[in-house]
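# Analysis of the macromolecular model
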Amino acid sequence: QFLYFIGAIARPLRMNRQKRRPLSPVWAIASVVLLLCGAHAQTTGAPVRQFTGSWRLSRSIFSQREKPAAGCTSLGTLLSVGGTSAFGNRRDTWMLHPSNRTWEELHPFGQLPALNAATLSTVGPFEYLFGGQFSDRLGTASGSLYRLSITHAASAQPAMWELVQPPLNTPTPAARYRHASVEVPGGFVVLFGISHVQLFNDAWFFSGENATWIPLSANGAADAPAARYNPCCVYRSADRLVVCYGGTLRDGDTSDIVTFNVSSREWGRLGPAAPTYPSPRRLAQCALRGGDRLVMFSGFSSKDGVVIEDVLHSFSFATNTWSNRTLITVPPARSGGVMIDCGGAIWLYGGTDETVDYNDVWTLGADGEFTLESKDQAIPPGRMGHHGVISGDEFYVLLGMDADENALSDVWSFNMVAETWHLYSRSFPFPARTESSAVMFGAFVWLFGGRPVETGA
């Protein structure tokens, strides 16, 4: 009865606060009556149900997504932030522990916006998140830089995403997304990218020592390659060279390899004069292997509108040539995933085939073959104002509202024995809603009422 009283008074308080109206006297009187009725029931000997036990967190599952920001931390762990899926942009922070191949969700303080196509770079004990695309209708670009102390995040100390403010009257790069970022001594370099109205072919260096941006090559410079977005880039420390493959130009995808020398600030090119293999693509997954090879997997063809073949490509810096390998164990072809050297292994995870988003995890071995470390598994996005009903071993989750107050219309079930999720439907024929009521009766879930968030009704 007391819980019912709290619910009865809290709901009108919330609704009236949103509508800027004073609480109705009728609600106040009704709430007092409910409380008195509950007290009377307790004094008349009504049975009280008591529960014993403890809460246990079910397995933490990194959800399916594409275009997350990823980096290898100073602790030798892989950090993944944000991304996007069929349910919209994410704002969560996850850590993959290479030692036991498990994900751990971190919960830093601070309000990090929901972004996709941002970049993550490690400078000392800090992780820097730059740029990205918001989930508004225009796909607005972010020009903000956020910082997280990873040593705090991995310990009992409080960690926080904090906005980094450069010194006044100092230059900063334009807002962008689908750019590239590579770690170099003392900081990181940002190249290329796109905003809502512009493509970029500039290069910037962020100094971790004094938290300032330094322009290395202006946008539109005469010696710069064509502006592009969605390239995959790595850094060769031996010759301080940033190496980027592919991406999308103004007139379509490219398959060229461009370089930027961080010391001399000069652009260059690698590869055959007229490469015919691999084919032009964007959003490919690539990593530096052993310092002498660029390995690249899959990607997306803008011309054909499909995800490209599932073979492993390798570029030799010594011979300036490409080779490819037909794989025995083949990860699903994808674009917008992550391929990164971290903790003594090259990891591949996430991405999409334009129909399904992935959260599987693979490692690339010394023999050039992939090993599956974690199977792909669907998991519902976080929500509030939803419904949960139980039938047998299945726990059904319906509808609700996400963190950005968008109404949801999906239906999931969680098998309480196997601890696995299953997606039944991403949308219902009726409008998405929150704060309705649901009950399991017979073979049906009965749903009544609710509020469609987009109309504020």
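Heads up: these notes are all about the structure in this document. (Residues numbered from 1 in each chain as written. Predicted model: local features only at pLDDT ≥ 70, side-chain atom pairs only at ≥ 80, totals over all residues. Heavy atoms only, no water.)

### Re unusual backbone geometry
Positive phi values are uncommon outside glycine, yet F192 reaches one of about 60 degrees. Take F192: it is sitting in the loop between β10 (187-191) and β11 (203-207). Among the residues examined, F192 registers a relative accessible area of 0% and is labelled buried. Phi at R240 takes a positive value of approximately 50 degrees, unusual for a residue other than glycine. Since its relative accessible area comes to 27%, R240 is described here as partly exposed. (Helix = DSSP H or I, 4+ residues; strand = E, 2+ residues; numbered from the N terminus. Buried < 20%, exposed > 50% of the residue type's maximum accessible area, 1.4 Å probe, protein only.)

### Quick look at the sheet that holds strand β13 (residues 232-236)
Ordered in space as β13-β14-β17-β18, the four strands form an open sheet in which the pairing is antiparallel. Where the open sheet ends on each side, the last strands, each with one partner, are β13 and β18 (266-270). Neighbour-to-neighbour, the strand axes of this sheet turn through a mean angle of 25 degrees, independent of strand direction. Bridging between strand β14 (residues 241-245) and strand β17 (residues 257-261) involves five bridges; their strand directions are antiparallel. By the bridge assignment, L241 is partnered in β17 with N261. (Pairing = 2+ DSSP bridges. Axes fitted to C-alpha atoms, helices over the stretch in contact; angles between N-to-C directions.)

### Things to note about the nonpolar core
One finds V182, V184, V189, L191, V242, F260 and W267 to be the most contacted residues of the largest nonpolar core, which totals 18 residues. Among the secondary structure elements, those contributing two or more residues to this core are β9 (180-184), β10, β11, β13, β14 and β17. Top contributing element to this core by residue count: β9, with three residues. With 15 residues, the next largest nonpolar core counts A69, A118, L120 and I150 among its residues. (Core = buried A, V, L, I, M, F, W, Y, C linked by side-chain atoms within 4.5 Å.)

### Looking at the packing of aromatic side chains
A complete count under the given rule lists 22 aromatic pairs for this structure. With centroids separated by 5.7 Å and ring planes inclined at 90 degrees, the aromatic side chains of F188 and W213 adopt a geometry described as edge-to-face. Taken together, the residues span a long stretch of sequence, with F188 in strand β10 and W213 in strand β12 (residues 212-217) at a distance of 25 residues. Exposure remark for F188: the relative accessible area of 0% places this residue in the buried category. On the basis of an interplanar angle of 65 degrees and a centroid distance of 6.3 Å, the ring pair of F444 and W446 is categorised as edge-to-face. Taking the relative accessible area as the measure of exposure, F444 reaches 55% and is therefore exposed. The exposure class of W446 is partly exposed, given its relative accessible area of 49%. Through successive ring pairs, a cluster of aromatic residues spans F126, Y128, F130, F188, F206 and W213. A cation over an aromatic ring shows up here: R228 above the ring of F192, its NZ or CZ 5.4 Å from the ring centre. Note that R236 overlies the ring of F317, its terminal NZ or CZ placed 4.3 Å from the centroid. (Phe/Tyr/Trp six-rings, centres within 6.5 Å; stacked < 30°, edge-to-face > 60°. Lys NZ or Arg CZ within 6 Å of the ring centre and 35° of its normal.)

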